[in-house]
Each structure stands twice: as C-alpha cells, then as structure tokens.
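Notes for the structure review
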4 protein chains.
Amino acid sequence: MRYVEVRREVCMTAREIYEARLVAGTWGNVSAWVDDVMVITPSGMDYGTLSPEDMVIVNGEGEVIEGFFAPSVETPLHLAIYKNRPDVKGIVHVHSPYATAFAVARRPIPVILEETAQAIGHEIPVAPYAHCGSEELAHHVVRTLGQDKKAVLLANHGLITVDVSPSAALRACYIAERTAMITLFAEQIGSINILADEDVKCLYEKFKNYGQKKDR
Amino acid sequence: MRYVEVRREVCMTAREIYEARLVAGTWGNVSAWVDDVMVITPSGMDYGTLSPEDMVIVNGEGEVIEGFFAPSVETPLHLAIYKNRPDVKGIVHVHSPYATAFAVARRPIPVILEETAQAIGHEIPVAPYAHCGSEELAHHVVRTLGQDKKAVLLANHGLITVDVSPSAALRACYIAERTAMITLFAEQIGSINILADEDVKCLYEKFKNYGQKKDR
Amino acid sequence: MRYVEVRREVCMTAREIYEARLVAGTWGNVSAWVDDVMVITPSGMDYGTLSPEDMVIVNGEGEVIEGFFAPSVETPLHLAIYKNRPDVKGIVHVHSPYATAFAVARRPIPVILEETAQAIGHEIPVAPYAHCGSEELAHHVVRTLGQDKKAVLLANHGLITVDVSPSAALRACYIAERTAMITLFAEQIGSINILADEDVKCLYEKFKNYGQKKDR
Amino acid sequence: MRYVEVRREVCMTAREIYEARLVAGTWGNVSAWVDDVMVITPSGMDYGTLSPEDMVIVNGEGEVIEGFFAPSVETPLHLAIYKNRPDVKGIVHVHSPYATAFAVARRPIPVILEETAQAIGHEIPVAPYAHCGSEELAHHVVRTLGQDKKAVLLANHGLITVDVSPSAALRACYIAERTAMITLFAEQIGSINILADEDVKCLYEKFKNYGQKKDR
C-alpha cells in the first residue's frame, strides 16, 4: 500500500474532526496532496471506525486509482484548490458550530485574537452559496481563497482551511472556530476590537519563527 | 428471546441519547416497529445501565406481549405514529437543549444548513401543547407530522423524529439540535439566511444517493 | 463505621456534582439526614479523591460526633433546613453556571418544561443575599424554601435543592440547571411560554406514579 | 535534575490548561519561581505529551541555565512579574473563551460571585494591547497587576493569573473564566448585581481560613 504515512495523517485528522465535534455524523472531509495525487476520505462512512486503508487515492482528473470506496462528494472542490494553489498540501472541511453560524449569517470572521493573526493571518471571508459537491461551489471557493488565504467560509454550509499539511489545516480550523465563538461572546458583553492590519501582518510573520526550530 | 437485533438497536440508541446529553435523567424514549409489534424502552429506568432484555414489546393495541417492565409513558404517542405512517420504522424522542428552546418559544427550526436539507428536508414545525403521555399529545403530533415530515417539536417539551430505523431517527435528532444551535448563534452575530425551497428539495433528493451504495 | 450506605450516597453525589461541572474546585456541598444526625461533606477538600470515610457526622447542634475533618462551612444552612422541613432527607448545593446566572440577575427560574413541573413543581425563587456560611443566609433560605419548595436560588451565589435523598436532590439540580439554560436559549430566539399553574400541579402529581413501581 | 517537584507542578498545570480547553494548541504558558530561578514551559510544544524534564530553567536575566528546549516566548512577561511581585511564586497564562471575550471587548470582569470575591478578590482589569512576547506587553501587565492583584486580562489576547503557586494560579483561572461566563449569561436573562466592596473584602479575608487547617 502506497502513501502509508499520508493515509494515516488524513485518517487521523478525519477522526479528530469527528471526536472534537467539528462535524456531525459523516459530514466533513479531509485530503492531502502528494506526488500529483490526492489522498482523500471516503464518502459517507463512519469516522469513528475509519482506518488508513479506507482512504481513497484519486489522480488530478478525479479518477480513483487506489481504494475500495467512493471518494468524498467534495472531491471536485479539493482538486480545484490543489490545482490553483501549489503551496497547499492539506485541506480540511468542517461544519463546526460557531464558524458555521458566521457562514449562515454570511458574515466574515474578524481577526480579534493574537492566534487568529498568527495561525490564519486574515479575516475569513464567505464564499457565495452553491450546492455541496457542485463545480459551482468549487469555483466560488477557489476564487475566494485567492493565492494567499488559509480559510474560507461556505455560505449556509461550513468552513474550509488549507495549509502545508492536513494537521496544519486542522489547526487553522480550531483557531477559526475559537475566533468565531469569542467574537460572538465579545459582542454579547460589549463590542469587538479588531486587530489593526499592520499588527496582523507582523504577528503572522513572527509566528513562523516560534517553537523549537522545526517547521510548525 | 425474539427481535434480538431490534432490541439491541433500540437499547443502544437510548443509551446514546443519554450519553450525548440529548436527555437528562430518564426522560426521552426510543422505539422500533417490526412485524406489527413495537419494541420500546421501559418507563423511568436508568439509561446508563439499560440492556436489550429490558426493552418492552407491545402489540398494536398497546398491550405488553413480552417484557418485565412497564413500557414508556409515551407508548400511545409512538403507536399513533406507526399507525399513521407505514413508512416509519423507528422513532426517537429527546429533550435536547437547543431544539427544546425552540419548542419553548414555539418557533419552527428553519432550514439553514445543507445537512438540515439533506437529512430532514423541511422546516421543523411545533405541535400544540398537551400533557406528556396524553392521547391529545399523540393526536397533535400525528397531525403535525402529516404524511411526509421527519421531525416535529412538542411545545414546552422536546423533539420527536421518525425515520426508517431508530438509528436514522437518531441522526435526524442530532441534525435538528445542531440546526437549532446554529440558528441561535447566527442570529446573535447577524441574521439567518434560509435555504430556498427548491434548494432544499434538490439537496434532499441527491442525498439519498450519497455514501457507499448501501441504504443510509 | 456507622451509616456506611448514607456516607457513600453523600460522597458519590459530591463527586458527581464535581465531575458534571455543577461546581468548580471545592465549592458546593452535599448532606443527608438520618436518625437525627447529619452526614455532610468536609470543608474545602478535593472532590475528585473524596471517599465515604471522609464524610463528617454532626448532631442537631452542629457538633462533630464522628469524622477526621471539619464539616462544610454551610453546616448551619443545612441544619436549619432539616429542622424546618421534616420531609427533607437530602440536600445538594451547587454553583452550576446557568442557574447561578439567574441568581446573579436575581430572577426566578420559570417552569417552562414538562420535567421542571414534574421533578420540581414550582418556579425557583431567589433568596436575598447574605454571606456564605452565615446564619443570616440560613435564615433567608429557610424562609424562601417554606414548607413545600424543592429548590431555591441564593443571590450571587448558587442553587440549593432538597428532596427525600441526596440523589433525588441531585436530580432536581440537573433539572433546574437545564431549565435555566433552556430559558436563556428560548429568550434569545423568541420569548418563553410558561406552563399554566394547573398544568404544573397536574404534571407534578402524575409524575409520582411514573416509573417501575418503586419510589423515584 | 534539580527542582523535580516544581517541574512536575508546572508541567501538570500546563497539561491541565490544555485538557480543560483553557487554551487551544500550544498557546498559553505556566511558570514557577523558586530559589531565584524560573521554571517555565517550553515554546510551541504539544502540551498533551509534555513531561517534567521538558521544562526550562532560566535565571533572572532570562538566560537558560537548564533544559533542552527554548523557553516560552512570554518569558520576559513572566520574569517582569516575579521581579515586581515578591509574593508571587506561580503564574498561569491562558486563552479561555469567556475571559478572552472580555479581553476582546476590553471590559473588566466584575465580582458577581462569592467565589470571585474569595479566590480573586477584585474586579479583573484589562491591560492595554501590545504584541505577545514584547517588553511593552510585560510593562503593561506589571503596571496593571500592581502590588496586590491576582488576575489581569490582556487586550485581544487572554488572561494571566498570579498566586503562591502554579496550582493556586490555575484555580484563579478557573474562577475568572466561570465568572466571565456567568456574567455573560446573567446579562442575557436580566442584569448583573455586583457584590459591594465591603462584602468582597470580607469574603476574601474569611476565605483564607477555610478548608482543613492547611495552606490553600
């Protein structure tokens, strides 16, 4: 079996979004891009019992080249992103409650926290509504992500994050959800103070050098 | 012992609604319809230690035909639903907090998410108030469910869902609760955008073909 | 060691209020009344590691007659209640978040749910503010409980419930907390509908006969 | 290895803030002051697998004198506090959601609960905004803490608490978070009643003598 390590990371990330309640049931999906193929979660299967062998490998045209199961219905969306963003190696799509509330209100999530600036680096915009699984949705998301965004809301649907790996994209999901939650709380007890653009830029750059001299 | 598999599904669903905190204490109940009899949870017992043998089997007139315990006090409600809806094979009744808040405000839960459209397919209406366990409540719920609804709120009480099995009805409970929660959040940070009727219909139909070529 | 069963019930109830996050740290306390003595949790000890031997037994004058530790600082409050309410055999005091919010706003928790009517049977009033551990607080709570109430809020402090046993009083805590939470949610998405007095009375009476022919 | 017990307490406190979701990812940090050196958590490491050997020991000038890893980026902030407050022996910094919402709204957390008065003893003020890890932030926090405060909010960032040990500071974090949460809830269902200054003072003093005749 090829791509054992990548399969494991995709699978473990999918199990974590389920256990951390970022999705309900079998909604949500995770993928990685490696050697011009995509490793992606299967469609509609129970995340609680998913194992690395269940991941599906598809080529750049979306054809299954390895795997027993049908790939996620959002395969066209994931492929479209990898084609437009060579820097992206991992994608996570969740329906976490607070971020999804912003997607339902069609309001961007503002940069109100240091960690939002550090791990995401921009206000999270909302891509226009289109049916899940459609080419139209893929088109909207790719355009809203542009060449440098890490996170986009999908109107009436959920959140998608992209990064150098599935686990880095998962971290962006956690931060986006936390930022959405704290924005809601802060507005209930007063009003929010959004970080200035130059602070966001500075924090985002400095964060790259944090930690223990390894890539985070 | 007859109906071992069905007893197990009813029992496991009842334990899950307790563990997922969709009910407090011994409130809430679960049933399945099989071969013209109903398998239902017993009344007022601790869900944490419930086992399949504790399930009660009653006939279409509500008489116990197998089981050591008294059946749920909502037995008349469950029976009335099965009689009016031959398509229904499983019923779950919970008091989950966000859905129940809509039941207390007597406001329908709107279709604001893709998964609400997919797994439920309609706005969740509120049945008028009547005492729990009463024939009047059964009457109200049956009329509000009609021939095609999957979920109904019970005023000042909770939520009931019906589907092809107890586990499918449980999924509808999770989605209804999540939809109620995200509606509340979205209105706090802005206003909700409800999905158009034609989108709801389309998503509901397409969803039937999702997954791995087995009945979901 | 006397009262092994009662010690165990008091201890297990104290551990549960901690694990269910109805209190933070060592706040909150639990007692039972048996044979004219009170079994109560010790003051300021870690609930996570509490065992039945750590419970303290005090007589009607508040003197320790068995136990290595000092009793809860709320001993005067518990004793005052048992003296005024011969029907009470168990008391639980918690600082659960939603009920405490009503205590901070000094607003009664309304009867908006069937289970509030069934397990508590009345709107939960707020006793006036007095320092924790004071005789004045005991006086306020006794007067607010009267001869028939099961639950009272303590202004800027928390919730106290009384019943036929510590575990029955714990159930009243869970229902009070859930009722407070759902009231808050319902007002956020609309307005609350309070159950009529005659419905509350009827539900409370009927509930006594629910379950499996044993005392609940 | 020196300071085994202190390393363990710092490490266990760091793991607890992660498990109790007071921080996300690797944000947040914990330290203790002992024999004129500081034991502090390392920068950017996974708290779930942290062990006491991973703690870093730095001297009063911030130089690492023992440890394999780089210390927390907030090392200047911790050192500045210890220098100005000889009574402080433990510091905990978290990004807990409700307290952080007050930090985003730049609103102090009021003393609305008995335990806020007892374990913290004052309204929690907000230090002005400065980048995390900066000397400017350290300056703001030291000035806002003054000579007698136990807790301070960091604008758009989080909460810091100081006490006689890391575990006592952790308790202050829990109480601050709970107070912020209940303030938000109470304002949603009515308005808050803040405890009078003389009550706060009295409760704070009395609390020192609670518990089982050992230092709490």
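The model shown is predicted, which means the values in this text are computed figures rather than measured ones.

1. Points about the overall build of chain A
Counting its secondary structure elements, chain A contains 7 helices and 8 strands. For chain A, the C-alpha radius of gyration of 17 Å lies close to 17 Å, the compact-globule estimate for 216 residues. Dimensions along the principal axes, computed over C-alpha positions, put chain A at roughly 50 × 40 × 30 Å. Across the 216 residues that make up chain A, the buried fraction comes to 64%. Of the roughly 7900 Å² of accessible surface on chain A, 51% is carried by carbon and sulfur atoms. If you average the places of the 21 positive and of the 28 negative side-chain charges in chain A, the two averages end up 4 Å apart.

2. What to know about the UniProt feature "domain: Class II aldolase/adducin N-terminal" (unreviewed entry) in chain A
Those residues carrying the UniProt feature "domain: Class II aldolase/adducin N-terminal" (unreviewed entry) are residues 8-184 of chain A in this numbering. With 38% helix and 19% strand, residues 8-184 of chain A has end C-alpha atoms that lie 35 Å from one another.

3. Points about the sheet that holds strand β7 (residues 151-154) of chain C
Residue and element names in this part refer to chain C. What the 8 strands build is an open sheet, ordered β4-β3-β2-β1-β5-β8-β7-β6; its pairing is mixed. The open sheet terminates on both sides in strands that have one partner only, identified here as β4 (64-66) and β6 (126-127). Looking at chain direction, β7 and strand β8 (residues 158-163) are connected through 4 bridges and run antiparallel. Within the sheet, the bridge partner assigned to L154 lies in β8 and is G158. Helix α1 (residues 4-19) contacts β1 (29-34), β2 (37-40), β3 (56-58), β4 and β5 (90-94) of the sheet and is inclined by roughly 160° relative to β1.

4. Comments concerning the pairing of β7(C)
All names here are of chain C. Side chains A151 and L153 project from β7 onto one buried face, and the interleaved V152 and L154 project onto a second face that is buried too. Strand direction decides the pairing type here: β6 and β7, joined by 2 bridges, are parallel. Across the sheet, residue V126 finds its bridge partner in β7, namely L153. Read as a crossover between parallel neighbours, the route from β6 over helix α5 (residues 135-145) to β7 is right-handed.

5. Remarks on the side chain of D54(C)
Residue and element names in this part refer to chain C. Mapped onto the fold, D54 is located in the loop between β2 and β3. For the buried D54, which has no salt bridge, the nearest side chain bearing the opposite charge is R7, at an N-O separation of 7.6 Å. Discounting chain neighbours no more than four positions away, the residues touching D54 are P42, M45, T49 and F69.

6. With respect to the environment of M1(A)
All names here are of chain A. Its location among the elements puts M1 in the segment before α1 (4-19). The class for M1 is exposed, based on a relative accessible area of 56%. The spacing of M1 and V73 is 72 residues in sequence and 23 Å in space, taken between C-alpha atoms.

7. Remarks on the confidence of the model for chain A
In the predicted model, chain A carries a mean pLDDT of 94, and the fraction of residues at 70 or more is 97%. Per the prediction output, this complex has pTM 0.95; the corresponding ipTM is 0.93.

8. A look at the packing of aromatic side chains
Per the stated rule, a full pass over the model turns up 19 aromatic pairs over all chains. Here W27(B) and F207(C) contribute two aromatic rings whose centre-to-centre distance is 5.7 Å and whose plane-to-plane angle is 10°, an arrangement assigned as stacked. Here W27(B), found in the loop between α1 (4-19) and β1 (29-34), pairs with F207(C), found in helix α7 (residues 197-207), and the two come from separate chains. The two residues W27(B) and F207(C) agree in class, both being buried. Clustering of aromatic rings is evident, with ring pairs tying together Y98(A), F185(A), Y98(B), F185(B), Y98(C), F185(C), Y98(D) and F185(D).

9. Some details on the interface of chain D and chain C
At the junction of the two partners, chain D supplies 29 residues and chain C supplies 33 residues. Both sides of the chain D and chain C interface together cover about 2600 Å² of buried area, and 58% of this is carbon and sulfur. Applying the counting criterion to the chain D and chain C interface returns 0 salt bridges. On inspection of chain D and its partner chain C, the count reaches 13 residue pairs in polar contact (both at pLDDT 80 or more). Residue assignment for the side of chain D that touches chain C shows that the elements contributing at least two residues are α4 (114-119), α6 (166-189) and α7 (197-207) of chain D. Ranked by residue count, the leading element in the side of chain D that touches chain C is α6(D), at 9 residues. Along the lines of polarity and charge, the residues of the side of chain D that touches chain C split into 15 nonpolar, 7 polar and 7 charged.

10. So, the packing of helix α1 (residues 4-19) of chain D against α6(D)
Residue and element names in this part refer to chain D. Where α1 contacts α6, the axes come no closer than 9 Å and their chain directions differ by 20°. In terms of orientation, α1 and α6 fall into the roughly parallel class. As for how α1 packs across α6, the hand of that crossing is right-handed. Contacts between α1 and α6 involve E9, V10, T13, E16 and I17 on the former and, on the latter, P166, S167, L170 and Y174. Residues belonging to the contact of α1 with α6 are distributed by class as follows: 5 nonpolar, 2 polar and 2 charged.

11. Concerning the interface of chain A and chain B
In this assembly, 33 residues from chain A lie in contact with 29 residues from chain B. Counting the surface lost from both chain A and chain B, the interface buries some 2600 Å², and carbon and sulfur atoms represent 57% of this. In terms of surface lost to chain B, no three residues of chain A exceed W27(A), V104(A) and H131(A), which account for 24% of the buried area on that side. Linking chain A with chain B are 0 salt bridges. On inspection of chain A and its partner chain B, the count reaches 13 residue pairs in polar contact (both at pLDDT 80 or more). When residues of the side of chain A that touches chain B are traced back to their parent elements, those giving at least two are α3 (97-105) and α6 (166-189) of chain A.

12. Some remarks on unusual backbone geometry
The phi torsion of most residues other than glycine is negative, and most of the peptide bonds are trans. Residues and elements named next belong to chain D. The backbone of D35 sits at a positive phi, close to 50°, despite the residue not being glycine. Summarising the element assignment, D35 is placed in the loop between β1 (29-34) and β2 (37-40). A positive phi angle is found at R106, which is not glycine, with a value near 55°. The topology assignment puts R106 in the loop between α3 (97-105) and α4.

13. Some words on the relation of the copies chain D and chain C
Aligned on chain C, chain D shows an RMSD of 0.0 Å; the corresponding rotation is 90° and the shift along the axis is 0.0 Å. Look at the turn and shift together and you get a four-fold axis relating the two. In terms of proximity to the rotation axis, the leading residue of chain D is Q188(D), whose C-alpha is 5.6 Å off the axis. The overlap is low: 3% of the interface residues of chain D also sit at the interface in chain C, so different surfaces are used on the two sides.

14. Quick look at the relation of the copies chain A and chain B
Of the two same-sequence chains, chain A is brought onto chain B (RMSD 0.0 Å, axial shift 0.0 Å) by a rotation of 90°. When the interface residues of chain A are mapped onto chain B, a mere 3% of them are again interface residues, pointing to distinct binding faces.

15. Re the sheet that holds β1(B)
Residue and element names in this part refer to chain B. Taking strand neighbours across the sheet as the criterion, the 8 strands line up as β4-β3-β2-β1-β5-β8-β7-β6 in an open arrangement whose pairing is mixed. Where the open sheet ends on each side, the last strands, each with one partner, are β4 (64-66) and β6 (126-127). Where β1 and strand β2 (residues 37-40) come together, 4 bridges link them in antiparallel fashion. Within the sheet, the bridge partner assigned to W33 lies in β2 and is M38. On top of the sheet, helix α3 (residues 97-105) reaches β6, β7 (151-154) and β8 (158-163); it is set at about 60° to β7, its chief contact. Across the sheet, helix α5 (residues 135-145) touches β6, β7 and β8, and the angle it forms with β7 is around 145°.

Parameters and conventions
Residues numbered from 1 in each chain as written. Chains lettered and ligands numbered in written order. Predicted model: local features only at pLDDT ≥ 70, side-chain atom pairs only at ≥ 80, totals over all residues. Heavy atoms only, no water. Helix = DSSP H or I, 4+ residues; strand = E, 2+ residues; numbered from the N terminus. Rg over C-alpha atoms; globule rule 2.2 N^0.38 Å. Buried < 20%, exposed > 50% of the residue type's maximum accessible area, 1.4 Å probe, protein only. Areas by Shrake-Rupley, 256 points an atom, 1.4 Å probe, with all protein chains shown as cover. Lys, Arg positive; Asp, Glu negative; His and termini not counted. Charge placed at Lys NZ, Arg CZ, Asp CG, Glu CD. UniProt positions renumbered as here; feature names shortened; annotations may be inferred. Pairing = 2+ DSSP bridges. Contact = heavy atoms within 4.5 Å. Axes fitted to C-alpha atoms, helices over the stretch in contact; angles between N-to-C directions. Right-handed = clockwise from strand over helix to strand, strands pointing away. Salt bridge = Lys/Arg side-chain N within 4 Å of Asp/Glu carboxyl O. pLDDT = per-residue confidence, 0-100. Phe/Tyr/Trp six-rings, centres within 6.5 Å; stacked < 30°, edge-to-face > 60°. Buried area = accessible area lost by both parts, 1.4 Å probe. Polar contact = N/O pair within 3.5 Å; in protein donor to acceptor, adjacent residues only side chain to side chain. Nonpolar A, V, L, I, M, F, W, Y, C, P; charged D, E, K, R; others polar. Parallel < 35°, antiparallel > 145°, perpendicular 65-115°, else oblique. Left-handed = near helix turned anticlockwise from the far one by under 90°. Least-squares fit on C-alpha atoms with pLDDT ≥ 70 in both.

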